[in-house]
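Listed below are the residues making up each chain.
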Amino acid sequence: MDWMTDILRRADYQHIREFLLYGVECAQREPGPYEKRIKQADHRVYDLLKEVSYDPEQYEFLWEQISLSHSQYANVYMEMGLQAGIRLATRMEAGD
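Quick caveat, the model's predicted, so the values are computed rather than measured. The residue numbers shown here count from 1 along each chain, following its written sequence. Residue-level local features of this predicted model are given only where pLDDT is at least 70; pairs of side-chain atoms are given and counted only at 80 or more, and the full residue set underlies all totals for whole chains, interfaces and linings. Computation of side-chain values: all heavy atoms of the structure, hydrogens and water removed.

Peer 1: Is there a simple way to think about the overall build of the protein in this case?
Peer 2: A run of H or I in DSSP becomes a helix once it reaches four residues, and a run of E becomes a strand once it reaches two; helices and strands are each numbered from the N terminus. Counting secondary structure elements, the protein contains 4 helices and 0 strands. Only protein chains enter the accessibility calculation, which uses a 1.4 Å probe. A residue is then buried if its area is under 20% of the maximum for its type, exposed if over 50%, and partly exposed in between. Burial statistics for the protein: of 96 residues in total, 8% are counted as buried. Per-residue accessibility takes into account occlusion by the displayed protein chains alone, with areas from the Shrake-Rupley method and a 1.4 Å probe. Counting only carbon and sulfur atoms, one obtains 60% of the accessible surface of the protein, whose full area is about 8,900 Å².

Peer 1: Explanation requested: the packing of aromatic side chains in the structure shown.
Peer 2: The relation between two aromatic rings is expressed through the spacing of the ring centres and the mutual angle of the planes. Only Phe, Tyr and Trp rings are paired, with Trp represented by its six-membered ring, and only when their centres lie within 6.5 Å; those with planes under 30 degrees apart are stacked, over 60 edge-to-face, the remainder tilted. For the structure shown, the criterion picks out 2 aromatic pairs. Plain terms: the ring middles of Y46 and Y59 are 5.7 Å apart, the flat faces sit at 75° to each other, and that makes the pair edge-to-face. Of the two residues, Y46 is situated in helix α3 (residues 34-52) and Y59 in helix α4 (residues 56-94); the sequence distance between them amounts to 13 residues. Note on Y59: relative accessible area 8%, which makes it buried. Among the aromatic side chains, those forming a connected cluster through ring pairs are Y46, Y59 and W63.

Peer 1: Looking at this structure, I do not really get the pattern of salt bridges. What am I missing?
Peer 2: Two side chains that carry opposite charge are able to pair once their charged atoms sit near each other. Each reported salt bridge corresponds to a side-chain nitrogen of Lys or Arg within 4 Å of a carboxyl oxygen of Asp or Glu. One pass over the structure, following the stated rule, counts 1 salt bridge. Linking E35 and K39 is a salt bridge whose minimum nitrogen-to-oxygen distance equals 3.3 Å. One end of the pair is E35 and the other is K39, both in helix α3 and 4 residues apart, which spans about a single turn. Overall, the relative accessible area of 54% leaves E35 in the exposed class.

Peer 1: Is there a simple way to think about α4 in this case?
Peer 2: Along an α-helix, residues three or four apart share an orientation, since each turn contains 3.6 residues. With 39 residues, α4 should reach 57 Å at 1.5 Å per residue; the first-to-last C-alpha distance of 57 Å fits that figure. Residue G95 follows α4 closely and has a positive phi angle near 90°. Every helix has an expected span of 1.5 Å times one less than the residues it contains.

Have a look at this one:
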């Protein structure tokens, strides 16, 4: 089981995420805490919306829609992750 121990020692959440989502090795780690990474992504969208929309009402509407979309993605992926985790734990407990 030395090979498995080595794999588990090198694994982190980003590597596992890349493999589960895309089936590939993590090419580049994203440094920083989750909150910082999300804020950076939000600011890129925020800046782009400022360039595209000069009307403050339209800007607010677009930002609200993007935020709602992000929330729905987060909810769905969290539910999927919980279900997968519970199924894996159940299988491990059963010895499969």
